[in-house]
Amino acid sequence: MNHLTQQGEKQTCQSAKVSHSSSFHECKNEWPELIGVQGDVAAITIEEENSLVTAMIVKEGTSVPEDFRCDRVWVWVDESGSVTQVPRIG
């Protein structure tokens, strides 16, 4: 079960899967170093670096739900499959 909390303007997540002494937002939550990398490689890297999320590869221009999800990372790719935006939790 994931819980969304507000901290100022920034949304963060806490997960029941994580011990009480730790919270979800202490895990890696964005991957700027993956810009230009192939989407499938980026998705594997993201899931290896934060096992609490699922990386979803999405072609630029595709409509996606606008809800904030603590367990999801959109991996936006261009026609050649390269990552075009910083993947981040949401």
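Look a little higher up for the structure.
Quick notes on the rules
Residues numbered from 1 in each chain as written. Predicted model: local features only at pLDDT ≥ 70, side-chain atom pairs only at ≥ 80, totals over all residues. Heavy atoms only, no water. Helix = DSSP H or I, 4+ residues; strand = E, 2+ residues; numbered from the N terminus. Buried < 20%, exposed > 50% of the residue type's maximum accessible area, 1.4 Å probe, protein only. Polar contact = N/O pair within 3.5 Å; in protein donor to acceptor, adjacent residues only side chain to side chain. Salt bridge = Lys/Arg side-chain N within 4 Å of Asp/Glu carboxyl O. Contact = heavy atoms within 4.5 Å.

## Thoughts on the environment of Ser80
Argument step 1. Relative to the elements of secondary structure, Ser80 occurs in the segment after strand 4 (72-77).
Argument step 2. According to the relative accessible area criterion, Ser80 is partly exposed, its value standing at 49%.
Argument step 3. As a C-alpha pair, Ser80 and Gln38 span 42 residues in sequence and 8.2 Å in three-dimensional space.
Argument step 4. A polar atom in the side chain of Ser80 sits 2.8 Å from the side chain of Asp78.
Argument step 5. In terms of polar contacts, Ser80 uses its side chain to reach the side chain of Ser82, at 3.4 Å.

## Here we look at the pattern of salt bridges
Argument step 1. For the coordinates displayed, the defined rule picks out six salt bridges.
Argument step 2. A salt bridge links Lys28 to Glu33, with the shortest nitrogen-to-oxygen separation between them at 2.6 Å.
Argument step 3. Residue class for Lys28 comes out partly exposed when judged on its relative accessible area of 30%.
Argument step 4. Lys28 is the salt-bridge partner of Glu49, the closest N and O atoms lying 2.9 Å from each other. Separated by 21 residues along the polypeptide, Glu49 in helix 1 (residues 39-49) and Lys28 in the loop between strand 2 (10-15) and helix 1 bring together distant segments of the chain.
Argument step 5. Looking at Glu49, the relative accessible area reads 39%, which means it is partly exposed.
Argument step 6. Each of the salt bridges in this network shares a partner with another, and the network as a whole consists of Lys28, Glu33 and Glu49.

## A word on the side chain of Arg72
Argument step 1. You can see Arg72 is positioned in strand 4.
Argument step 2. According to the relative accessible area criterion, Arg72 is buried, its value standing at 7%.
Argument step 3. Polar contacts involving the side chain of Arg72 include one to the main-chain carbonyl oxygen of Gly90, which spans 2.8 Å.
Argument step 4. The contact partners of Arg72, leaving out residues within four places of it in the chain, are Val53, Thr54, Met56, Pro65, Asp67, Arg88, Ile89 and Gly90.

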